[in-house]
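# Residue-level structure breakdown
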Amino acid sequence: MSQRKQTLGEFIIENQQSFKYTSGELSRLINAIRLAAKVVNHEVNKAGLVDIIGEAGDTNIQGEDQQKLDVFANDLFIKAMTRRNIVCGIASEEEDDFVAINSQDENNQNKYVVLIDPLDGSSNIDVNVSVGTIFSIYRRVTEVGTPVIIDDFLQKGNKQVAAGYVIYGTSTMLVYTTGDGVNGFTLNPAIGTFYLSHPNMQFPEDGQIYSVNEGNYIHFPQGIKDYIKYCQMEEGDRPYTSRYIGSLVSDFHRNMIKGGIYMYPKSSMNSNGKLRLLYECNPMAYIAEQANGRASDGFTRIMDIEPTKLHQRVPFLCGSKNMVKKVEEFMEKAK
Ligand code: P6P
């Protein structure tokens, strides 16, 4: 009889001693995210049946229409982490400013801040395409027991202590790293338990899939145009194929398993690209590098970019190492 797979809870306990900081709090934080992910998963899966689909009638700081599930997921993740008294601050795509969690209480000894995109790709909800949650975890840089300030959130990606995503797809998975590789856990919805289904996930160094919104082609920098044409050329029998779901977590996840590159370049319409550095690009870059992949803005390693604003955007290339390097070559040549 095949051996039962390890549950997420068992995995956290077994591996917490390998986490170089006080592991108890981080374990509790991952557990809070696990709970919230299960509740969001339940709502996403039944969204078509109840009046939770559609717009919440409000817009977020990005000026994007807030889908009701965006608001639901945002509130849920914030509550899950607040109620367990684990973090001292949260920044979210759906919140104009960071949210301090009891950090003015001098007895608040919590060390971690979380940055989150509660429901990425939410414009896909109404058309039943998979969406995701992305999270990034740092230790605060200011003194424990004092109010958190923006500096606690504007940290380079190379300071992350953990990062992960939940993909609400044909199955729901939690994929995360604490700096010791990337592991994927699949939810058994019948019993509400995540099982270790994808241990030690790795990007193939090469791949044949490129993911980009080619509808923006004429607005791309020349280096990106040159790379897309390189992928499409017949010479050398290029085996490339274009796959673009319009949901970062879904495109990233497929590319990590099959090999590929995701690109959201800057363009004449989005001068810094569309994706947000702190709660989309940095966590996905951390996961990519921990899975033998690569992530840059075309010139600079994503995790070395010095943040200046909570919701700042950066151009984003991420995936199989050799594919990202190839794009960087084209960007360099076209400078
Ligand atoms: P476009 C979703 O809004 C998102 O942030 C990513 O998940 C996705 O890859 C991208 O934007 C899609 O953007 O401009 O191609 O529709």
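Since we're looking at a predicted model, the values are computed, not measured. (Residues numbered from 1 in each chain as written. Predicted model: local features only at pLDDT ≥ 70, side-chain atom pairs only at ≥ 80, totals over all residues. Heavy atoms only, no water.)

## Observations regarding the sheet that holds strand E7 (residues 162-168)
Ordered in space as E4-E3-E5-E6-E7-E8-E9-E10, the 8 strands form an open sheet in which the pairing is mixed. A strand with exactly one partner marks an edge of an open sheet, and here the two such strands are strand E4 (99-100) and strand E10 (193-198). Direction of pairing for strand E3 (residues 87-92) relative to E4: antiparallel, over a ladder of 2 bridges. The residue bridging Ile90 from the neighbouring strand is Val99, located in E4. The strands touched by helix H5 (residues 248-258) within the sheet are strand E5 (112-120), strand E6 (131-139), E7, strand E8 (172-177), strand E9 (182-188) and E10, with E7 carrying the most contacts at an inclination of about 105°. Across the face of the sheet, helix H6 (residues 277-290) comes into contact with E3, E5, E6, E7, E8 and E9 while running at roughly 85° to E6. (Pairing = 2+ DSSP bridges. Helix = DSSP H or I, 4+ residues; strand = E, 2+ residues; numbered from the N terminus. Contact = heavy atoms within 4.5 Å. Axes fitted to C-alpha atoms, helices over the stretch in contact; angles between N-to-C directions.)

## Quick notes on helix H4 (residues 222-232)
Listed as buried for H4 are Gly223, Ile224, Lys225, Tyr227, Ile228, Tyr230 and Cys231. Each element contacted by the buried residues of H4 is listed here: strand E11 (209-211), strand E13 (261-264), strand E15 (316-320) and helix H7 (321-333). (Buried < 20%, exposed > 50% of the residue type's maximum accessible area, 1.4 Å probe, protein only.)

## Side note on the domain arrangement of the chain
Segmenting the chain into domains produces domain 1 (8-198) and domain 2 (209-333). Taking the mean C-alpha position of each, domain 1 and domain 2 sit 23 Å from one another. Between domain 1 and domain 2, the residue contacts involve 48 residues of the former and 33 residues of the latter. Surface buried jointly by domain 1 and domain 2 totals about 2900 Å² across both partners, of which 61% is contributed by carbon and sulfur atoms. Here domain 1 and domain 2 share 2 salt bridges between them. Where domain 1 packs against domain 2, one counts 15 residue pairs in polar contact (both at pLDDT 80 or more). For the side of domain 1 that touches domain 2, the elements supplying multiple residues, two or more each, are E3, E5, E6, E7 and E8. Residue composition of the side of domain 1 that touches domain 2, by class: 22 nonpolar, 17 polar and 9 charged. (Domains from an automatic or database assignment. Buried area = accessible area lost by both parts, 1.4 Å probe. Salt bridge = Lys/Arg side-chain N within 4 Å of Asp/Glu carboxyl O. Polar contact = N/O pair within 3.5 Å; in protein donor to acceptor, adjacent residues only side chain to side chain. Nonpolar A, V, L, I, M, F, W, Y, C, P; charged D, E, K, R; others polar.)

## Let's talk about the packing of aromatic side chains
All chains considered together, the criterion is met by 12 aromatic pairs. An angle of 85° between the planes, with centres 6.5 Å apart, marks the rings of Phe11 and Tyr176 as edge-to-face. Taken as a pair, Phe11 in helix H1 (residues 8-15) and Tyr176 in strand E8 lie far apart in primary sequence, 165 residues in all. Judged by relative accessible area, Phe11 falls into the buried class, the value being 11%. Positioned above the aromatic ring of Phe330 is the side chain of Lys333, whose terminal nitrogen or guanidinium carbon lies 4.8 Å from the ring centre. (Phe/Tyr/Trp six-rings, centres within 6.5 Å; stacked < 30°, edge-to-face > 60°. Lys NZ or Arg CZ within 6 Å of the ring centre and 35° of its normal.)

## Focus on the pattern of salt bridges
Side-chain pairs of opposite charge can arise where the charged atoms are in close proximity. Enumeration over the complete set of coordinates arrives at 10 salt bridges. One salt bridge in this structure joins Glu289 and Arg301, with 2.7 Å as the shortest N-O distance. Within this pair, whereas Glu289 is found in helix H6, its partner Arg301 is found in the loop between strand E14 (293-296) and E15, the two being separated by 12 residues in sequence. The class of Glu289 is partly exposed, set by a relative accessible area of 27%. Since its relative accessible area comes to 32%, Arg301 is described here as partly exposed. The partner of Glu328 in a salt bridge is Arg294, and the shortest N-O contact between them spans 2.8 Å. Of this pair, Glu328 sits in helix H7 while Arg294 sits in strand E14, and the two are 34 residues apart along the sequence. On the accessibility criterion, Glu328 (13% relative accessible area) is buried. By relative accessible area, which is 30% here, Arg294 ends up partly exposed. Salt bridges here are not isolated pairs; linked through shared partners, they connect Glu93, Arg276 and Glu280.

## Some details on the pairing of E3
In terms of residue burial, E3 counts as a mostly covered element, since 6 of its 6 residues are buried. Pairing between E3 and E5: 5 bridges, direction parallel. Across the sheet, the residue bridging to Gly89 is Val113, located in E5. What sits between E3 and E4 in their antiparallel hairpin is a turn of 6 residues.

## Let's talk about the environment of Gly57
Take Gly57: it is sitting in strand E1 (residues 55-59). The sequence separation of Gly57 and Tyr168 amounts to 111 residues, and the corresponding C-alpha distance is 24 Å.

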